[in-house]
Amino acid sequence: MFQDMNKKITDSMGPFKELVNIQTKMLEELTRQQMECTKSCIEATIQQTKEMQKCQSPSDLLELQRSYAKELEETLKCASEQNMKALQEARSEIEGMAQSTFDAFNK
């Protein structure tokens, strides 16, 4: 009897464990993406600082700033798209898991 109850509890925890795994995977991916984005931003800032020394006129500096801003915009846009993709994948997995759990109850 105890073994049956233990098995039922373990089986009922299955979806919860799967949910934790999905969330863990999503958070790991988001963290990795954010680290890459931060690294790109820092590298762009360092490169921009090096390039500033070569500027001969205010127009050179203005063009450098435009280029820098565009590079940061692209980096952040790419990071945002990757973040949304990771979130959508996690959402799809969670929805699938929830649907299969509800389907099991309806049998």
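Let us look at the structure shown here.

Conventions and cut-offs
- Residues numbered from 1 in each chain as written.
- Predicted model: local features only at pLDDT ≥ 70, side-chain atom pairs only at ≥ 80, totals over all residues.
- Heavy atoms only, no water.
- Helix = DSSP H or I, 4+ residues; strand = E, 2+ residues; numbered from the N terminus.
- Contact = heavy atoms within 4.5 Å.
- Patch = residues over 30% accessible without salt bridge, like charges linked within 9 Å, V, L, I, M, F, W, Y side chains within 5 Å.
- Areas by Shrake-Rupley, 256 points an atom, 1.4 Å probe, with all protein chains shown as cover.
- Salt bridge = Lys/Arg side-chain N within 4 Å of Asp/Glu carboxyl O.
- Buried < 20%, exposed > 50% of the residue type's maximum accessible area, 1.4 Å probe, protein only.

### Some details on the side chain of Asn-83
For step 1, the next point in the chain: Along the chain, Asn-83 falls in helix H2 (residues 58-106).
For step 2, the next point in the chain: With residues near it in sequence (within four places) discarded, Asn-83 still touches Leu-30, Gln-33 and Gln-34.

### Structural notes on the environment of Glu-18
For step 1, the next point in the chain: Its place among the elements puts Glu-18 in helix H1 (residues 2-52).
For step 2, the next point in the chain: Along the backbone, Glu-18 and Ala-79 are 61 residues apart, and their C-alpha atoms lie at a distance of 26 Å.

### So, the side chain of Thr-75
For step 1, the next point in the chain: Tracing the sequence through the fold places Thr-75 in helix H2.
For step 2, the next point in the chain: Each residue touching Thr-75, except ones within four places of it in the same chain, is listed here: Cys-37, Ser-40 and Cys-41.

### Comments concerning a nonpolar patch on the surface
For step 1, the next point in the chain: On the surface, a cluster of nonpolar side chains totalling about 450 Å² of accessible area is made up of Met-5, Ile-9, Met-13, Phe-16 and Val-20.
For step 2, the next point in the chain: Looking at where Met-13 falls in the secondary structure, it is placed in helix H1.
For step 3, the next point in the chain: According to the relative accessible area criterion, Met-13 is partly exposed, its value standing at 35%.

### Brief notes about the pattern of salt bridges
For step 1, the next point in the chain: Tallying each qualifying case throughout the model produces 6 salt bridges.
For step 2, the next point in the chain: With its nearest N and O atoms 2.9 Å apart, the salt bridge here joins Glu-93 to Lys-25. Of this pair, Glu-93 sits in helix H2 while Lys-25 sits in helix H1; the two residues are 68 residues apart in sequence, bridging distant segments of the chain.
For step 3, the next point in the chain: The salt bridge partner of Arg-91 is Glu-95, with a shortest N-O separation of 3.0 Å. Note that Arg-91 and Glu-95 are positioned in helix H2 at a spacing of 4 residues, about one turn of the helix.
For step 4, the next point in the chain: Exposure remark for Glu-95: the relative accessible area of 43% places this residue in the partly exposed category.
For step 5, the next point in the chain: Salt bridges sharing partners connect three or more residues here, namely Glu-29, Arg-32 and Glu-36.

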